[in-house]
Amino acid sequence: MTNLEIVKSTYEGKTSEENGQNLAKYVAEDISWTEAKGFPYAGTYIGLDNITKNVFSRLGSEWIDYKFTPEGYVASDDKVVAYGTYTGTYKITGKSFTARVAHIWKLKDSKIISFEQFVDSQTVNDAVK
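Residues numbered from 1 in each chain as written. Predicted model: local features only at pLDDT ≥ 70, side-chain atom pairs only at ≥ 80, totals over all residues. Heavy atoms only, no water.

Spatially, 2-1-6-5-4-3 is the arrangement adopted by the six strands of the open sheet, whose pairing is mixed. The sheet is open, and its two edges are formed by strand 2 (43–46) and strand 3 (63–76), each paired on a single side. Between one strand axis and the next, the sheet turns through 20 degrees on average, direction left out of account. Pairing between strand 4 (residues 79–90) and strand 5 (residues 96–108): 11 bridges, direction antiparallel. (Pairing = 2+ DSSP bridges. Helix = DSSP H or I, 4+ residues; strand = E, 2+ residues; numbered from the N terminus. Axes fitted to C-alpha atoms, helices over the stretch in contact; angles between N-to-C directions.)

Here you go:
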């Protein structure tokens, strides 16, 4: 698979479970995952277990229908950028949001070594408050 196909497989599976399985299949053991400063889960997490605990588990338990809808991709050598829109409803407040987002993925030898999120965090934080 190309780097672009690997990244697409983490977004475009038939279910979110399939997307997660594809992510687990292609991440490097020491992947570095950065959620944007100002985002509710901001920080850098190393390894899939830490990412799952600090990002995916929280997204799954704190939000209703939280999702990223990709609009396009830009691929160059070892980097792939996915851009699109986040949407969701925060369970506690019942507030929904829409936010523009870009993800930068870096790969080496068909393994994902890093992920960095760029997002309009304000709209997400407004839903949490």
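Read on for the rest.
Pairing geometry for strand 1 (residues 27–35) and strand 6 (residues 111–119), over four bridges, is parallel. Bridge pairing links T34 to E116 in strand 6. Here eight bridges tie strand 5 to strand 6, and the two strands are oriented antiparallel to one another. Paired with A102 across the two strands is F118, which belongs to strand 6. Adjacent in sequence and paired antiparallel, strand 5 and strand 6 are bridged by two residues, among which D109 carries a positive phi angle near 55 degrees.

Inspection of the secondary structure assignment puts T87 in strand 4. With relative accessibility at 24%, the residue T87 sits in the partly exposed group. The spatial distance from the C-alpha of T87 to the C-alpha of D65 is 7.5 Å, given a sequence separation of 22 residues. (Buried < 20%, exposed > 50% of the residue type's maximum accessible area, 1.4 Å probe, protein only.)

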